[in-house]
Each structure stands twice: as C-alpha cells, then as structure tokens.
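Observations on the model geometry
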Amino acid sequence: MKRWIAIWLTAATVLCMGSGCAAGKGVTVCDASGEVIATPRSTKTVAGTLRDGTYESYVTYALEEAIAVLAAATDGDTGAAQKALFRGDYTVHTLLDPAVHAAAQETYAAYEGENLPFGCAVLDYSGAVAAIYSGGEELFALKSHSPCSAIKPLSVYAPAVEFGVADWGTQWKDAPYKKVTDLAGNVSLWPTNARGDYTNEPTSMYECVQQSLNTAAVHCLKKVGVQKSLSFLTDRLGINVAYEQNKAVLEGEDEVIGNVAMGFLYNGFTPLQLAGYFQIFGNHGAYAVPHCVDKICDADGNVVYAFAAKQTQVIEDDTAYILNRLLQSVVLPGGTAKAARVDGTEVVGKTGTSDEDNWFVGLTPDYCCAIWHGNREDGRNTAPQLFTNVFAKMPSPKTAQFAVPDSVERAVCCMDSGLRASALCRNVQVGYYAASRLPTTCDVH
Ligand SMILES: [Zn+2]
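Note that the structure is a prediction, hence the values are computed from the model and not measured. (Residues numbered from 1 in each chain as written. Predicted model: local features only at pLDDT ≥ 70, side-chain atom pairs only at ≥ 80, totals over all residues. Heavy atoms only, no water.)

1. Quick notes on the overall build of the protein chain
A tally of regular secondary structure across the protein chain gives 13 helices and 18 strands. The globule rule puts the C-alpha radius of gyration for 445 residues at 22 Å, and the 23 Å found for the protein chain is close to it. When the backbone C-alpha atoms are referred to their principal axes, the protein chain occupies close to 75 × 55 × 45 Å. Buried residues in the protein chain amount to 53% of all 445 residues. (Helix = DSSP H or I, 4+ residues; strand = E, 2+ residues; numbered from the N terminus. Rg over C-alpha atoms; globule rule 2.2 N^0.38 Å. Buried < 20%, exposed > 50% of the residue type's maximum accessible area, 1.4 Å probe, protein only.)

Laid out in structure tokens, this is it:
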C-alpha cells in the first residue's frame, strides 16, 4: 500500500509541475518545489491525505486562504468558492519550504517538554510563508493567543517613535501608573513589572524595551494616547481592536490601557499574524500580507489565481530601523531573550510572557519567526532558545546584517538625560535617530 502511494505521488508531482494539473478528484496541494504534499477532498479530510502528518497546520491554513482568494476573485461567496475548489480538480501551489518546516518540526521533536502546546510560523519579507508548525494535541499554530509584551513594539514604541513622542534615550519613570482597588477592597499599585519591583528611577527607552518594563510601557502609551495607538494598529496593520476601541469610548481609555500596553487584547494573535506584523521592523517599515498560496491551477493547467506581490509602507523607514536597534537590545546581555541567536547573522526580537502564553518573535535579515508555547511546569519562557534551535537547523543565512536606511543617524546619547551627550556626560551609549530629529545637547551635566 505504501509503495503504491509513493508511486502515485511521484506521478502526480510530474503532472503538477507540467502543464496539465490534473490529479484526480479533490484538491492537490504542492509545496514550493512542486512536490505533492496533500490531496484532500474537503477541508475536513486534510489529515488523512498528508504526505507528512506534520504539514497539517500549513495545509489547513493554505486551503482556507485558497478558498478566500477564490471567493474574493468572484462574488465573495465562500461556500461557492469552496465547492469550486474541491470539485474542480484544482492544484494549490503553496510556498511551504520543506527545509524550514523540517527545522521547526525537528526542534519540537527534540524539545524536552514535547507534549507542550507549541506553535511556530516562519515567513520571509515578501510575506511568503515557509512554515506553520503545531506541536501538542491541537493545531496551536492556527489559534490566537494573547501577545502579552510582544505587542509593546507595535502598540507603544513604534507609534511613540513614529509620532515623535520618544526617541532612543527618552526617560520613563519605572514607577506604577496608579493605585487600583479590587472587589474585596484591597489597594495595590499598577502595573507591576515581571521582576516584581520598581526602581522608581527615570529609565531610558532603550532599557525599558530591553527589560520589557510594564511601567514604562504604560507611561509611554499614555503619552502617545491610547486611542491613537489603537488607530495606529488598525489603520497601519489592519489589526482588529474594535473591542478595545469601543470600550475606550464607553468607559474611558484607562480601562483598556493594560490591554494595549501589555498585550491582553480581546482578539489575540496567531504566530503567523505576529510574525507578519513584525516584518515592518526588518523591512524598512514595509508590510506584505503573509500568504501560503502562490498560485492555483485548474484541471487543464490554467492559472486561475496568482498571488500579486504587494508591499505597503506602514511606518517610516527610520522608525523601523530605530525599533530594529531597540529590539536588538532584547537579545543582548541584560535582555529578556539573550538565548536567541543565529550564527552568521543579526537577530532582533521581543518576548511575551504570561501564566498561559510564552512568545518570542524574532527577525533575521532573511526571515520573521514567531514561536509560542504553553506553560511549562517550571514556568520558564523557552521560546528564545527554541528560536535558536530552529534557526540552527535551517539553511545558512543569506544576509548578515539589516540594511541601515539613509534617513537614520547614529549619535552618542546621554543615558541619564536622554539628550545628545556632551563631553561632560559619563553614562553614554550610541543611539539611533531619525536624521531630522536629532536630540539637543545634554544640559544636565
Ligand atoms: Zn548628560
């Protein structure tokens, strides 16, 4: 039986790559090299037709996308598009990269807590999705999870830099924003930091990002404006934050400030969505819609759909690179993801951690990758280490460094005042700025 399947798959591959895409009833799904990876007869029968069982998340998502693009190309009728897809002997050519997918799968297989819920998505800067892999008992890579602190660069720090509210050394006080009273009448300070205490000192934005301080994120968001941040997420990235927007209008923006600053959104993100949004920090501020489907052919080999490459400039290229350098702090000593590294290239990224969710979304100049896992018994977020393990199994990096845009200038920053350092300043660091927005010289020292 197995031998028969192997012969059939080979024959189908040849047809798929040639002009006649016929391969029997149902849909033929191919990877990026044209190999057949699944032949489902409906969206519910994916699992039983996979060449490799670990492709289930990818193929499931690719079929949903194929139905959506076919529906969009006609009259928007999803049901009709689904029928047409499965009755038409279509071939869906995906962008699944077997080498990248194997790196995610093998990393999970070698993982010490391998029964843990796990999801991983990898895409490049054209939005081409190389891998979506789930570990555990459900397709966790296709589920939404609270992004936690991984949202801060998107909801707080990118708008702060883009709107000129903050730069490299801007000082935010590491102190609570307010007192809160619970239903039992107990008063406590809010928000708390992951490390459990406050310095009550002014802290540079660089250090706030590096240590993922919740206090600073709330103060910075308040300065940006919660409504403005929510509009930024919706208008620039198409993120659905309607729940938070309505609540901010009805109950006041302080009622959602934690959701927005610390990533407890009503609608969470899938790993693919989060990796997709972070593209902007590695790609000069441009965003390409993540996509698995490259083209769809009918039974006669006619192309009925082809992905049209499109990038949208979401933030200024200087904002993107300043955020990129701020996010590099996270993987350096003192950062929350110092285990994340890839031989031969730069890595930048952000962690997100709660009692239920553990994230690392990391960028190299070639790829964006988000890793999520459920809670371990020891409570640790091991996503940064898993990111390192995935990339160690991937093909060698093509690009060693993120490109620096002409609109960015380096300047020595006084980390005590947040201003441009003079010869008298002692606590200094090279910072990155929009050339048009260099800070004034420190007058404190
Ligand atoms: Zn100074």
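2. Here we look at the coordination of the zinc ion
Taken together, Cys-414 (SG), Cys-425 (SG), Cys-442 (SG) and His-445 (ND1) make up the protein donors of the zinc ion, found 2.1 to 2.3 Å from the metal. For the zinc ion, the four donor atoms are set out with angles of 102 to 120° between them, so the coordination reads as tetrahedral. Linear spacing of the donor residues for the zinc ion on their chain is C-x10-C-x16-C-x2-H. Of this pair, Cys-414 sits in strand S17 (residues 408–414) while Cys-442 sits in the segment after strand S18 (428–434), placing them 28 residues apart in sequence. (Donors = N, O, S within 2.8 Å, 3.2 Å for Na, K, Ca; no water. Tetrahedral: all angles 85-135°; square planar, octahedral: opposite > 155°, others 65-115°.)

3. Points about helix H3 (residues 78–87)
All of the buried residues along H3 are Ala-81, Leu-85 and Phe-86. All buried residues of H3 project into a common sector of 120° when viewed along the axis, lining one side. Where H3 is buried, its residues meet helix H2 (56–73) and strand S3 (91–94). Capping the start of H3 is the job of one residue whose side-chain oxygen sits 3.0 Å from the backbone nitrogen of Gly-79: Asp-77. Downstream of H3 by one or two residues, Asp-89 has phi in the positive range, about 55°. (Arc of directions from axis to C-beta. Contact = heavy atoms within 4.5 Å. Polar contact = N/O pair within 3.5 Å; in protein donor to acceptor, adjacent residues only side chain to side chain.)

4. A look at the domain arrangement of the protein chain
By domain assignment, the protein chain separates into domain 1 (157–265) and domain 2 (408–437). Relative placement of domain 1 and domain 2: their C-alpha centres are 25 Å apart. Taken together, the contacts link eleven residues of domain 1 with eleven residues of domain 2. With both chains or domains summed, domain 1 and domain 2 bury close to 750 Å², and 53% of this area falls on carbon and sulfur atoms. Summed over the three residues of domain 1 that lose the most area to domain 2, namely Asp-167, Trp-168 and Gln-171, the buried surface amounts to 61% of that side. Summed over the shared surface of domain 1 and domain 2, the number is zero salt bridges. Where domain 1 touches domain 2, the interface holds four residue pairs in polar contact (both at pLDDT 80 or more). Its residues assigned to classes, the side of domain 1 that touches domain 2 shows four nonpolar, five polar and two charged. (Domains from an automatic or database assignment. Buried area = accessible area lost by both parts, 1.4 Å probe. Salt bridge = Lys/Arg side-chain N within 4 Å of Asp/Glu carboxyl O. Nonpolar A, V, L, I, M, F, W, Y, C, P; charged D, E, K, R; others polar.)

5. Focus: unusual backbone geometry
With an omega dihedral of -10°, the bond running from Trp-190 to Pro-191 counts as a cis peptide bond. Its identity is not glycine, yet Cys-148 carries a phi of approximately 50°, on the positive side. By the element assignment, Cys-148 lies in the loop between strand S5 (129–135) and helix H5 (152–162). Unusually for a residue other than glycine, Asn-200 sits at a positive phi of about 60°. Of note, Asn-200 is situated in the loop between strand S8 (187–190) and strand S9 (202–204). By relative accessible area, which is 41% here, Asn-200 ends up partly exposed.

6. Quick word on the nonpolar core
Counting 131 residues, the largest nonpolar core has Leu-85, Leu-154, Tyr-157 and Phe-281 as the members making the most contacts within it. Among the elements that line this core, the one with the most residues is H2, at nine residues. Each of domain 1 (157–265) and domain 2 (408–437) gives at least three residues to this core. Filtering out sequence-adjacent residues up to four positions away, Tyr-157 remains in contact with Lys-152, Met-205, Cys-208, Val-209, Leu-213, Ala-216, Ala-217, Cys-220 and Leu-323. (Core = buried A, V, L, I, M, F, W, Y, C linked by side-chain atoms within 4.5 Å.)

7. As for the pattern of salt bridges
Summed over the entire model, instances satisfying the criterion amount to ten salt bridges. Of the charged contacts in the structure, one is a salt bridge between Arg-51 and Glu-35, with a shortest N-O distance of 3.3 Å. Of the two residues, Arg-51 sits in the loop between strand S2 (36–38) and H2 while Glu-35 sits in the loop between strand S1 (28–30) and S2, which places them 16 residues apart along the sequence. The class of Glu-35 is partly exposed, set by a relative accessible area of 33%. Of the charged contacts, one joins Arg-236 and Glu-162 as a salt bridge, the two residues approaching to 3.0 Å between their closest N and O atoms. A residue pair is termed long-range when its members are at least 10 positions apart, and Arg-236 in helix H8 (residues 226–237) and Glu-162 in helix H5 qualify at 74 residues. What makes Arg-236 partly exposed here is its relative accessible area of 27%. Overlapping salt bridges, with partners in common, bring together Asp-174, Arg-195 and Asp-197 in one network.

8. Some thoughts on the environment of Thr-45
Relative to the elements of secondary structure, Thr-45 occurs in the loop between S2 and H2. Since its relative accessible area comes to 36%, Thr-45 is described here as partly exposed. It is 9.6 Å that separates the C-alpha atoms of Thr-45 and Thr-60, two residues lying 15 residues apart in sequence. From its side chain, Thr-45 meets the backbone nitrogen of Arg-41 in a polar contact 3.2 Å long. A distance of 3.1 Å separates the side chain of Thr-45 from the backbone nitrogen of Ser-42, its partner in a polar contact.

9. Looking at the layout of surface pockets
Computed from the structure, the largest pocket encloses a volume of approximately 480 Å³. Surrounding the largest pocket, 21 residues form its lining, Ser-149, Ala-194, Ser-212, Asn-214 and Thr-353 being those nearest its centre. Class assignment for the residues of the lining of the largest pocket results in six nonpolar, twelve polar and three charged. (1 Å grid on protein atoms, 1.4 Å probe; cavity = no way out; pocket = protein on both sides within 12 Å on 5 of 7 lines; lining within 4 Å. Points joined across faces, edges and corners; volume = space filled by probe spheres on them.)

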